[in-house]
Amino acid sequence: MTDFNELLEEQLKDPEFRAEYEALEPEFAIVQAMIDARKRTGMTQKQLSEKTGIAQSDISKLETGGGNPSLRTLQRLAAGMGTVLHIEFRPTAGN
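My aim in this report is to walk through the structure given alongside it, one point at a time.

Basis of the calculations
Residues numbered from 1 in each chain as written. Predicted model: local features only at pLDDT ≥ 70, side-chain atom pairs only at ≥ 80, totals over all residues. Heavy atoms only, no water. Helix = DSSP H or I, 4+ residues; strand = E, 2+ residues; numbered from the N terminus. Rg over C-alpha atoms; globule rule 2.2 N^0.38 Å. Buried < 20%, exposed > 50% of the residue type's maximum accessible area, 1.4 Å probe, protein only. Contact = heavy atoms within 4.5 Å. Axes fitted to C-alpha atoms, helices over the stretch in contact; angles between N-to-C directions. Parallel < 35°, antiparallel > 145°, perpendicular 65-115°, else oblique. Left-handed = near helix turned anticlockwise from the far one by under 90°. Nonpolar A, V, L, I, M, F, W, Y, C, P; charged D, E, K, R; others polar.

### Focus on the overall build of the chain
In terms of helices and strands, the chain carries 6 helices and 0 strands. Along the chain, from the amino end to the carboxyl end, the secondary structure elements read α-α-α-α-α-α. Expected size for 95 residues packed as a compact globule is a radius of gyration near 12 Å; at 16 Å, the chain overshoots this value by more than 25%. Looking at the chain as a whole, 23% of its 95 residues qualify as buried. Taking all contacts inside the chain whose residues are at least 6 apart in sequence as the whole, residues at least 24 apart take part in 39%.

### Looking at the packing of helix α4 (residues 45-52) against helix α5 (residues 56-63)
The contact between α4 and α5 brings their axes to 8 Å, and the two run at 120 degrees. Classified by the angle between their axes, α4 and α5 sit oblique to one another. Here α4 runs over α5; the crossing is right-handed. Residue-level contacts link Gln-45, Lys-46, Leu-48, Ser-49 and Thr-52 of α4 to Gln-56, Ile-59, Ser-60 and Glu-63 of α5. Among the residues forming the contact of α4 with α5, the class breakdown is 2 nonpolar, 5 polar and 2 charged.

What follows is the structure, given as structure tokens:
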């Protein structure tokens, strides 16, 4: 993973790349939160699929950042994992 991190650090020196990367941060955060919550429960994607009725392929797509889940889908995933979805708005730096 060091090679990836080194490459990323190099790419982030480019202001345009950094701006695009930072613009995607909320999506990365949602994806990582979904993966972390599922792993905490010890569930596989297949088990989560069976609990929620959401296709395993769709869960996989969401976890790889290849989808744009609705609030309802996120709520179904959270309920299937025995968790609560929490979304908040926080002030940006300087506000």
